[in-house]
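Spelled out, the chains give:
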Amino acid sequence: MRIMLLWLLSVTAQAADTVADPLGVTPVWAEQYLQQQHSYLLADSENDHVLSMYYFGRIGARTLLGMERVRGENYEQFYTLLVFEQRQLLGYFPQVMTFPSALQDDGEVVFPLGVAAHGEFSNGAWNISADPHTFEPLCQGLGERMQCVPWQPARPASAPVVAPADLPEQAVTTD
């Protein structure tokens with residue numbers, strides 16, 4: 001519990017800080033960008049209790065952001081990791097178990113203590129500097145629960161949206 005509280009304080013501090021990103025990829029910019037270019041990621045957001053964006057860092061031209069949505073009568077939290085190349089959405093991991101705690105200088109994404117996080121096939125750490133065509137499903141485990149979510153390349157802004165996916169069904173969970 002203490003570790004999770006420290007992580008929340010860290011993330012809150014990062015989100016509250018004014019982010020000075022030379023590319024201009026900030027939480028405020030990202031929310032506006034998603035509304036204009038990739039609205040399928042915000043489908044049904046008018047029913048969210050909270051929609052928050054978090055900045056985790058930038059390596060070269062790649063920026064890592066998180067989107068939190070709080071939904072439903074039980075105020076369930078849903079986390080999505082977003083990767084931008086310059087000022088374009090490269091892709092995302094929907095419904096991750098938890099947000100990262102750090103982004104290393106070499107691009108390796110670090111998750112909070114107690115969260116086992118690795119690629120589904122390689123068992124290696126996720127690195128946002130890697131070729132996105134090689135991004136494998138991201139697995140996260142906490143206690144007995146393990147969840148793997150697939151990398152979703154961003155659809156072109158003009159791509160038709162058939163129907164918004166039901167948020168909880170986007171993740172593959174094994175208990």
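Small disclaimer: the values here were computed from a predicted structure and weren't measured. (Residues numbered from 1 in each chain as written. Predicted model: local features only at pLDDT ≥ 70, side-chain atom pairs only at ≥ 80, totals over all residues. Heavy atoms only, no water.)

1. Considering the confidence of the model for the protein chain
Note the threshold: pLDDT is a per-residue confidence score from the predictor, ranging from 0 to 100. Under the scheme used here, helices are H or I runs from DSSP no shorter than 4 residues and strands are E runs no shorter than 2 residues, and both carry numbers assigned from the N terminus. Contact between two residues is taken to exist if any of their heavy atoms lie within 4.5 Å; hydrogens are not considered.
On average, residues of the protein chain score 80 in pLDDT, and 77% of them reach the 70 mark or higher. Taking the mean pLDDT of every element in the protein chain, the minimum, 43, falls on helix α1 (residues 2–16) and the maximum, 96, on strand β6 (residues 109–110). Taken together, the stretch residues 1–19 has pLDDT below 50 and engages in 18 contacts with residues farther than four places along the chain or on a different chain. Here residues 159–175 is a poorly scored stretch, pLDDT under 50, and it has 26 contacts once near neighbours within four places are set aside; other chains count.

2. So, the pattern of salt bridges
So the rule is basically this: Whenever a carboxyl oxygen of Asp or Glu lies within 4 Å of a side-chain nitrogen of Lys or Arg, that contact is scored as a salt bridge. The buried label applies to any residue whose accessible area, calculated with a 1.4 Å probe on protein chains only, is under 20% of its type's maximum; exposed applies above 50%, and partly exposed to all values in between.
In total, this model carries two salt bridges according to the counting rule given. Across the pair Asp 44 and Arg 71 runs a salt bridge, and its minimum N-O distance is 2.6 Å. Residue Asp 44 is located in the loop between α2 (27–37) and β1 (50–59), and its partner Arg 71 is located in strand β2 (residues 62–71); the two are separated by 27 residues in the primary sequence. When its relative accessible area of 16% is taken as the criterion, Arg 71 is described as buried. Glu 85 is the partner of Arg 62 in a salt bridge, and the nearest nitrogen-oxygen pair spans 2.5 Å. Of this pair, Arg 62 sits in strand β2 while Glu 85 sits in strand β3 (residues 76–85); the two residues are 23 residues apart in sequence, bridging distant segments of the chain.

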